[in-house]
Amino acid sequence: MNTYLDLSPEVASAMQQGQPVVALESTIISHGMPYPQNVETALRVEQTIREGGAVPATIAIIKGRLKAGLTHEEIEYLGKKGPLVTKASRRDLPVLVARQQDGATTVATTMIIAALAGIKVFATGGVGGVHRGAETTMDISADLEELARTPVMVICAGAKSILDLGLTLEYLETKGVPVIGYGTEELPAFYTRKSGFKVDYRIDTPEELAATFQAKQAMGLGGGMLVTNPIPEEYSMDPERINAAIDEAISDAKRLGIHGKETTPYLLARVKDLTGGDSLASNIQLVLNNARLAAQVANKL
Ligand code: PSU
Ligand code: MN
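Residues numbered from 1 in each chain as written. Chains lettered and ligands numbered in written order. Predicted model: local features only at pLDDT ≥ 70, side-chain atom pairs only at ≥ 80, totals over all residues. Heavy atoms only, no water.

What follows covers the side chain of Thr109. As for its placement among the helices and strands, Thr109 is situated in helix H6 (residues 107-117). From its side chain, Thr109 meets the backbone nitrogen of Thr106 in a polar contact 2.9 Å long. Not counting chain neighbours up to four residues away, the residues in contact with Thr109 comprise Ala88, Ser89, Arg90 and Leu93. (Helix = DSSP H or I, 4+ residues; strand = E, 2+ residues; numbered from the N terminus. Polar contact = N/O pair within 3.5 Å; in protein donor to acceptor, adjacent residues only side chain to side chain. Contact = heavy atoms within 4.5 Å.)

This is the structure in structure tokens:
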């Protein structure tokens, strides 16, 4: 076991006994939703995973310790502190650990810590990707590089079109990351079931998701796999409305000179403001939907 890693007693015992475990990220708690809905959602997601017969392992950095499995108090703390918690991607990890500080883990760092703990499945909302205008800004999320190197299956609802979805798919192809549509041929775009882009493969069962991931590891190919699970129809949003909000958010970010790690949290918060409470309700539902699928897959692995 890594010297910086702490498993909660429940996660440690599940791992020891080979029970199914699902990793969850914490940037979605601190930066992805407002308080108190963020804490309520984090706890509901954990509950959904339990109902699916798996053990939830919410991941974060607390006082420099890499945590897999948080207490309710720790989740409440991260949710209340919100964006004041450092958003921690791969490059931030060593500094936070050496300084014994707190960090909310992105998809990239959640994958790193999950892999250290031996957890293979991770459920979240959206992943980072290639930003629009990356030809000049070079803003490409470290999440993509992590999917290329760390052996964890990430189950998400696709990516928001705050990103350049076409370039994101090209990047993942280059890096050898399979992009799977769960029950769909089309890449979902988080709030909507359609994006106009195709996934690499459609898979319809948790069994086949598990078998594909196992084959990738058994061949020594390493790296992860991206499963995109469309938001349930009844919660999906009107594409025109959501895309108008995204375009406005992107132009605001440009005008304000937002860049680097602030870009994604800024855009997420701005889109949420522009669309009111509707997008938050959809966001919560799609995360629960991904948690259900992740628990099913964890049971097959
Ligand atoms: N996209 C979303 N919701 C999120 C994120 C992205 O729709 O909460 C968060 C995730 O934690 C993701 C991170 O890993 O933002 C990506 O940030 P960046 O683009 O700076 O790598
Ligand atoms: Mn970035």
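So, about the pattern of salt bridges. Enumeration over the complete set of coordinates arrives at 16 salt bridges. Residue Lys300 pairs with Glu207 through a salt bridge whose shortest N-O separation is 3.3 Å. Separated by 93 residues along the polypeptide, Lys300 in helix H13 (residues 277-300) and Glu207 in helix H10 (residues 206-218) bring together distant segments of the chain. Classification of Glu207 by relative accessible area gives partly exposed; the value is 41%. Overlapping salt bridges, with partners in common, bring together Asp6, Arg65 and Lys67 in one network. (Salt bridge = Lys/Arg side-chain N within 4 Å of Asp/Glu carboxyl O. Buried < 20%, exposed > 50% of the residue type's maximum accessible area, 1.4 Å probe, protein only.)

Burial of the side chains of strand E9 (residues 179-182) extends over both faces: Val179 and Gly181 are buried on one face and Ile180 and Tyr182 on the other. Bridging between E9 and strand E11 (residues 225-228) involves 3 bridges; their strand directions are parallel. Bridging across to E11, Val179 finds its partner in Leu226. Bridge count between E9 and strand E10 (residues 201-203): 3 bridges; the pairing is parallel. Bridge pairing in E10 places Tyr182 opposite Ile203. (Pairing = 2+ DSSP bridges.)

On to the site of ligand 1. Close to ligand 1 lie 13 residues, the nearest being Lys87, Ser141, Asp143, Lys160 and Thr264. Here an oxygen atom of ligand 1 and a side-chain polar atom of Lys87 are 2.6 Å apart. Here an oxygen atom of ligand 1 sits 2.6 Å away from a polar atom, N or O, in the side chain of Thr264. Within the complex, the protein chains bury 93% of what would otherwise be the 480 Å² of accessible surface of ligand 1. (Near = heavy atom within 4 Å. Areas by Shrake-Rupley, 256 points an atom, 1.4 Å probe, with all protein chains shown as cover.)

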